[in-house]
Amino acid sequence: MLKSKTFVKKTRSGGIMKIVREHYLRDDIYCGSAACSVCPQKDKVLQRDTNLESTLCDRPHYLIPDTNVVMHQVDILEDLVISNVIILQTVLQEVRHRSAPIYKRIKDIIHNTEKHFYTFTNEHHRETYIEQEKGENANDRNDRAIRVAAKWYTEHLNAADKDFRVILLTNDRKNKEKAEESGLLAYTCEEYVKSLVANPELVDRLASIPDNENEIETGRIIFQEHLQLSRLQQGIKSGTYLQGTFRASRDNYLEATVWVHGDNAENQEILIQGLKNLNRAVHEDIVAIELFPKDKWMAPSSVVLEDEGTAEDNSDDDKEKILKMEVQESMLKPTGRVVGIIKRNWRQYCGMLSKSQIKEITHEHCYWCKLPVKKAKKHLFTPADRRIPRIRIETRQASTLEGQRIIVAIDGWPKNSRYPNGHFVRSLGNVGNKETETEVLLLEHDVPHQPFSQAVLSFLPKMPWSITEQDMKNRIDLRHLFICSVDPPGCTDIDDALHCRDLENGNVEVGVHIADVSHFIRPGNALDQESAKRGTTVYLCEKRIDMVPELLSSNLCSLRCNVERLAFSCIWELNHNAEILNTKFTKSVINSKASLTYAEAQMRIDDLSMNDEITLSLRGLNRLAKILKKRRIENGALTLSSPEVRFHMDSETHDPIDLQTKELKETNSMVEEFMLLANISVAQKIYDEFSECALLRKHPAPPPSNYDMLIKAGKSKDIVIKTDSAKALADSLDAAHVEDFPYFNTLLRILATRCMMQAVYFCSGMDSDFYHYGLASPIYTHFTSPIRRYADIIVHRLLAVAIGADCTYPDLMDKHKQAALCNNLNYRHKMAQYSQRASVAFHTQLFFKTKGVVNEEGFVLFVKKNAIVVLIPKFGLEGTVFFDSKDKPNLRVCFDDEIPTLTVERTIFRVFDKVVVTISLDSSNLQHQKIRMSLVEPVIPGVSVSPQTYEPEPKKPKMDS
């Protein structure tokens with residue numbers, strides 16, 4: 001059956017265009033129910049015997065949720081208890097239009113065969129399709145379509161089984177009334193969930209729906225009303241308001257900044273101070289702000305303020321007075337207030353219920369059976385992320401959830417509420433438990449870590465796998481070469497291997513062979529989409545979150561020794577001065593002859609009695625690498641440093657039993673040099689071939705102000721640090737030495753690392769600045785780690801097209817899609833680095849929990865107004881020692897910022913001074929356990945050194961090696 005609409009439309013040029021829209025209706029769209037004997041479909045998703053016992057309906061029944069229920073109660077629908085649900089096409093289309101994240105979640109539920117969710121295409125079914133009536137808006141039409149479909153299902157199933165029922169779930173009062181008038185069973189989501197006999201805990205997962213009619217009656221107004229979106233858009237267009245991303249402060253809950261969008265924004269960063277000016281914005285929301293006149297501008301506060309979670313906001317006004325200090329005019333920043341929310345970027349948050357809120361237990365009587373049941377009581381939830389406000393939730397499980405990490409979602413933030421309202425989603429486990437804390441850090445850093453779906457796994461090669469004649473097409477055979485890999489101990493995802501051999505003409509051939517992951521992951525399929533979403537492999541202290549399934553990462557793509565593997569090779573002909581004479585890129589098949597650790601490779605190089613082919617290859621590579629590194633440094637490449645630690649785990653408990661900094665050998669540098677050379681060579685090749693869509697990587701030069709702390713630190717030892725260029729900085733660092741202080745140069749390079757910007761991926765057609773500051777290279781990309789970085793897979797595809805080894809596809813040549821991909825990759829890499837650091841921090845806490853209190857030698861890294869930041873080289877650990885004047889009001893503390901110096905009484909602290917501190921674990925706050933440090937030497941007579949702790953901002957992700 002065909003329905004069509006014809007109408008005319010005026011074009012921009014003034015012409016008239018006739019448009020015909022055709023809508024096909026069918027008779028062969030089936031109900032999907034096993035209880036139906038009429039529909040002949042084979043795959044019947046909906047079960048005959050439904051297991052839910054409801055006091056509202058004592059018969060087997062299916063659920064049909066409307067759009068609002070799906071939008072706001074998706075946590076309920078995700079629960080394993082809820083099954084046999086019919087999702088109408090009308091609902092699915094509305095959800096897709098209104099929220100991409102919710103749409104993905106509901107699609108994932110539908111694809112889960114254990115849930116028995118069935119999609120019914122009511123918009124193309126002849127008996128359920130309806131047309132919009134005159135004067136009827138789109139929302140009312142869709143509500144009517146949902147009721148019509150529910151009515152059809154009720155009559156259709158009754159024809160086969162009189163005992164079967166269909167329940168419409170709707171939170172829309174008018175929709176419910178009209179459904180009941182037409183004879184349908186209709187309940188609100190809350191009514192139905194509370195009626196489930198065997199699952200009372202499901203009530204806690206109900207999202208709280210604000211009742212706007214009664215909002216004023218519930219309390220006094222705290223915040224101003226948010227302006228409507230249409231008014232905000234007009235204001236932004238006219239310049240009255242500014243649009244930007246809201247960034248809450250980690251240290252002060254009454255302060256935030258808004259990063260203004262747009263290249264021509266007059267003020268890129270706007271300061272927001274005070275609860276009312278923050279106006280219910282949450283970290284990462286897109287907001288509209290009103291900029292204050294200059295006479296109302298404020299200075300960022302240096303005060304640390306934590307929200308104690310009191311029931312009322314009486315103390316907030318007093319705390320805001322602390323922010324309003326007399327400051328110099330040069331310290332004032334553009335200041336404003338939030339007038340509206342353009343887009344909420346809420347997610348699910350990990351944290352704990354506030355301890356003080358879970359004492360009282362009250363009871364109410366069940367409406368149905370009149371027996372006493374535990375009443376839901378409102379509690380404050382404290383997120384693990386300090387930038388997120390506390391959330392008020394209702395739960396009957398408060399006593400059970402005490403001491404557990406839980407997940408909570410925000411439902412809304414009324415203008416008369418001190419805190420947003422939310423609901424309990426699920427419990428993760430006991431605080432401090434390794435599995436629980438690992439789950440928390442992965443969720444908080446948005447690391448995709450769910451098992452790979454069957455749809456993804458279906459695109460893996462079938463085992464047993466072997467190289468075929470088809471695989472050898474456009475590929476050369478290098479299995480005869482003495483190729484080896486050099487990696488950290490325990491590495492199973494081996495990306496790269498190398499070889500070096502002398503040529504008959506007196507030159508040297510060097511090859512870098514990279515796993516050919518793009519052979520197995522083809523563009524656009526589910527495996528490719530999942531890899532692109534994950535972006536990178538995440539390495540935690542005790543586990544690895546793979547970007548690609550283990551069959552590829554640790555087996556078929558891993559260049560293990562004595563097995564044949566597909567590779568992408570970059571082969572150079574070099575002279576003995578490591579100058580490139582010729583470069584060749586080719587797909588290949590290799591058979592690695594050895595999988596070595598850095599220590600094993602170093603031992604072979606150093607043992608002159610060993611002269612086998614692999615050892616000779618390693619010696620040749622090492623000799624050339626030294627020349628390449630020397631030349632890079634002469635050209636201005638930076639050699640920086642950062643304290644990295646390695647944990648030694650107990651073989652049974654997997655708890656850390658030792659902690660030490662990683663030791664780098666010559667072979668580390670050897671591998672690094674040839675990986676850098678391969679990345680540079682490939683970058684030039686793909687840019688030459690595809691100047692508009694090459695995926696490259698750049699490292700911006702830091703602004704001069706970034707170097708202030710480094711220059712001042714150098715002055716403390718009479719060292720002059722020049723920062724005019726990367727070459728000047730590199731030379732200054734090389735020349736910076738202090739007699740009898742061998743660790744000084746390392747400390748200086750650690751500080752220099754903190755000055756750097758983050759390296760980022762970008763599309764060549766969307767940017768004109770390609771320079772990589774840290775490597776002093778005019779062009780750079782990532783080619784050498786496709787098992788653990790999706791960027792490398794794209795680069796492989798570009799290179800394969802460039803040499804005629806593979807075909808292209810539209811997205812690869814679309815610079816806008818490449819730019820969007822780069823944005824996701826940059827985000828995923830940043831989150832991976834933050835989560836890796838969080839994992840190190842947690843395992844460090846576990847180590848000191850068993851180690852107890854220890855005294856260690858360290859160096860002052862930074863000097864603050866009332867504290868010193870100390871680095872412990874043995875553990876790669878950094879902490880802050882505060883000087884507390886509470887016990888001594890007349891404590892003399894003097895801070896000099898020119899050459900950073902802190903004088904406490906007569907003791908002077910400068911950057912790089914040696915100190916001895918006591919290290920212990922502070923467990924007073926279960927939510928935020930941390931390492932604390934207190935001063936042992938030098939001794940300051942009569943001064944109380946407080947064992948306070950300080951949680952620094954996450955360090956910037958490191959730039960490329």
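Given the structure is predicted, the values throughout are model-derived calculations rather than measurements. (Residues numbered from 1 in each chain as written. Predicted model: local features only at pLDDT ≥ 70, side-chain atom pairs only at ≥ 80, totals over all residues. Heavy atoms only, no water.)

Let's shift gears to the overall build of the protein chain. Broken down by element type, the protein chain carries 23 helices and 40 strands. Within the protein chain, the proportion of its 961 residues that are buried is 52%. In the form shown here, the protein chain has an accessible surface area of approximately 46,400 Å², with 49% of it arising from carbon and sulfur atoms. (Helix = DSSP H or I, 4+ residues; strand = E, 2+ residues; numbered from the N terminus. Buried < 20%, exposed > 50% of the residue type's maximum accessible area, 1.4 Å probe, protein only. Areas by Shrake-Rupley, 256 points an atom, 1.4 Å probe, with all protein chains shown as cover.)

Sheet architecture is open: three strands sit in the order E36-E37-E38, paired in antiparallel fashion. Lying at the two open borders of the sheet, with one neighbouring strand each, are strand E36 (893-896) and strand E38 (907-910). Taking each pair of neighbouring strands and ignoring which way they run, the sheet shows an average axis angle of 15 degrees. (Pairing = 2+ DSSP bridges. Axes fitted to C-alpha atoms, helices over the stretch in contact; angles between N-to-C directions.)

Attention now moves to the pattern of salt bridges. Across all of its chains, the model carries 48 salt bridges by this definition. For Arg479, the salt bridge is made with Asp477, and the minimal N-O distance between the two is 2.7 Å. A relative accessible area of 26% places Arg479 in the partly exposed class. The residue Lys914 makes a salt bridge to Glu857 at a minimum N-O spacing of 3.9 Å. (Salt bridge = Lys/Arg side-chain N within 4 Å of Asp/Glu carboxyl O.)

Another aspect to go through is the sheet that holds strand E40 (residues 930-937). Sheet strands associate in pairs through backbone hydrogen bonding, adopting either a parallel or an antiparallel arrangement. Strand order in this open sheet of five strands is E35-E34-E33-E39-E40, and the pairing throughout is antiparallel. The open sheet has two free edges, formed respectively by strand E35 (877-882) and E40, since each of these has just one partner strand. Averaged over all pairs of adjacent strands, the angle between strand axes in this sheet comes to 45 degrees, irrespective of strand direction. By the bridge criterion, six bridges tie strand E33 (residues 854-863) to strand E39 (residues 914-922) in an arrangement that is antiparallel. Residue pairing in the sheet places Glu857 in a bridge with Val916 of E39.

Our next topic: the packing of aromatic side chains. Applying the stated criterion across every chain, the model contains 17 aromatic pairs. Relative to Phe744, the ring of Phe741 lies with its centre 5.8 Å away and its plane at 55 degrees, an arrangement referred to as tilted. An angle of 85 degrees between the planes, with centres 5.1 Å apart, marks the rings of Phe744 and Phe912 as edge-to-face. Taken together, the positions of Phe744 in helix H21 (residues 744-755) and Phe912 in the loop between E38 and E39 put the pair 168 residues apart, joining distant regions of the chain. For the pair formed by Phe744 and Phe912, the shared burial category is buried. In textbook terms, an aromatic cluster arises when at least three aromatic residues are bridged by ring pairs, as seen for Phe741, Tyr743, Phe744, Phe859 and Phe912. The residue whose ring lies beneath Arg697 is Tyr761, and the NZ or CZ to ring-centre distance is 4.5 Å. Positioned above the aromatic ring of Phe762 is the side chain of Lys698, whose terminal nitrogen or guanidinium carbon lies 5.5 Å from the ring centre. (Phe/Tyr/Trp six-rings, centres within 6.5 Å; stacked < 30°, edge-to-face > 60°. Lys NZ or Arg CZ within 6 Å of the ring centre and 35° of its normal.)

Okay, the environment of Ala149 next. You can see Ala149 is positioned in helix H5 (residues 138-160). Accessibility expressed as a relative area gives 0% for Ala149, which makes it buried. Spatially, the C-alpha atom of Ala149 lies 5.4 Å from that of Thr128, the residues being 21 residues apart in sequence. In contact with Ala149, other than residues within four places in its own chain, are Leu88, Asn122 and Thr128. (Contact = heavy atoms within 4.5 Å.)

If you check helix H22 (residues 790-802), its first and last C-alpha atoms are 19 Å apart, about what 13 residues at 1.5 Å a residue would give, namely 18 Å. Burial analysis of H22 places 13 of its 13 residues in the buried class, which makes it a mostly covered element. (Expected span 1.5 Å × (residues − 1).)

Turning next to the packing of helix H17 (residues 613-634) against helix H18 (residues 666-689). Put simply, H17 and H18 touch, their axes get as near as 8 Å, and they point 70 degrees apart. One element, H17, and the other, H18, form an angle in the roughly perpendicular class. The chirality of how H17 crosses H18 is left-handed. Listed contacts from H18 to Leu618, Leu621, Asn622, Leu624, Ala625, Lys626, Leu628, Lys629 and Arg632 of H17 are Glu666, Ser669, Met670, Glu673, Phe674, Leu676 and Leu677. Broken down by class, the residue content of the contact of H17 with H18 amounts to nine nonpolar, two polar and five charged. (Parallel < 35°, antiparallel > 145°, perpendicular 65-115°, else oblique. Left-handed = near helix turned anticlockwise from the far one by under 90°. Nonpolar A, V, L, I, M, F, W, Y, C, P; charged D, E, K, R; others polar.)

Right, let's talk about the confidence of the model for the protein chain for a bit. Close reading of the predicted structure is inappropriate where its pLDDT is low. The share of residues in the protein chain with pLDDT of 70 or more is 88%, and the mean pLDDT across the chain is 87. For the protein chain, per-element mean pLDDT is lowest for strand E14 (residues 363-365), which scores 48, and highest for H22, which scores 98. Taken as a whole, residues 356-363 scores under 50 in pLDDT and shows 15 contacts with residues more than four places along the chain or in a different chain. Confidence drops under pLDDT 50 across residues 944-959; counting only partners more than four residues distant or on other chains, this segment forms 57 contacts. (pLDDT = per-residue confidence, 0-100.)

Let's shift gears to unusual backbone geometry. Here the residue pair Met463 and Pro464 is connected by a cis peptide bond, since its omega of 0 degrees sits within 30 degrees of zero. Here the bond from Glu937 into Pro938 is cis, since omega is 0 degrees, no more than 30 degrees from zero. In this structure, Asn84 takes a positive phi of about 55 degrees despite not being glycine. As for its position among the elements, Asn84 is in the loop between helix H2 (74-78) and strand E4 (85-88). What makes Asn84 buried here is its relative accessible area of 1%. Its identity is not glycine, yet Phe912 carries a phi of approximately 80 degrees, on the positive side. Assessed through its relative accessible area of 1%, Phe912 is described here as buried.

Further remarks concern the environment of Trp259. Within the fold, Trp259 resides in strand E9 (residues 255-260). Residues Trp259 and Phe246, spaced 13 residues apart in sequence, show a C-alpha to C-alpha distance of 6.7 Å. Residues contacting Trp259, with those up to four places away along its chain left out, are Gln243, Gly244, Thr245, Arg247, Gln268 and Glu269.

Attention shifts here to the packing of helix H19 (residues 708-715) against H21. Running from amino to carboxyl end, H19 crosses H21 at an angle of 160 degrees, the nearest separation of the two axes being 8 Å. Considering their axes alone, H19 and H21 lie roughly antiparallel with respect to each other. Crossing angle aside, the handedness with which H19 passes H21 is right-handed. For the pair formed by H19 and H21, the contact residues are Met709, Leu710 and Ala713 on the first element and Leu748, Leu751, Ala752, Arg754 and Cys755 on the second. Here the contact of H19 with H21 is built from residues that sort into seven nonpolar, no polar and one charged.

Turning our eyes to something else, we now look at the nonpolar core. By size, the foremost hydrophobic cluster in this structure holds 88 residues, and its most contacted members are Val510, Leu552, Trp572, Leu618, Phe674, Leu695 and Phe783. Setting aside its immediate chain neighbours within four residues, Leu552 contacts Leu460, Pro461, Phe520, Ile521, Leu527, Cys557 and Ser558. Within the second largest apolar cluster, 55 residues are counted, among which are Cys31, Leu92, Tyr103 and Phe120. (Core = buried A, V, L, I, M, F, W, Y, C linked by side-chain atoms within 4.5 Å.)

With that out of the way, let us pick up the pairing of strand E3 (residues 61-65). In regular strands, side chains alternate between the two faces of the sheet. Counting buried positions over the five residues of E3 gives five, a clear majority of the element. Burial along E3 is two-sided: the residues His61, Leu63 and Pro65 and Tyr62 and Ile64 are all buried. With five bridges joining them, E3 and strand E6 (residues 165-169) adopt parallel strand pairing. Residue pairing across strands places Leu63 opposite Ile167, the latter belonging to E6.

Simply put, the disulfide is a covalent bond whose two ends are the sulfur atoms of two cysteines. For the structure shown, the criterion picks out zero disulfides. Cys763 provides the cysteine sulfur closest to Cys822, a residue in no disulfide bond, and the two sulfurs are 6.3 Å apart. (Disulfide = S-S within 2.5 Å.)

To continue, consider the side chain of Asn826. Here Asn826 is to be found in helix H23 (residues 815-851). Of the residues examined, Asn826 reaches a relative accessible area of 14% and is grouped as buried.

Here we come to the environment of Glu136. One can find Glu136 in the loop between strand E5 (117-120) and H5. Setting aside its immediate chain neighbours within four residues, Glu136 contacts Glu131, Arg141 and Arg144. A distance of 2.9 Å separates a polar atom in the side chain of Glu136 from a polar atom in the side chain of Arg144. (Polar contact = N/O pair within 3.5 Å; in protein donor to acceptor, adjacent residues only side chain to side chain.)

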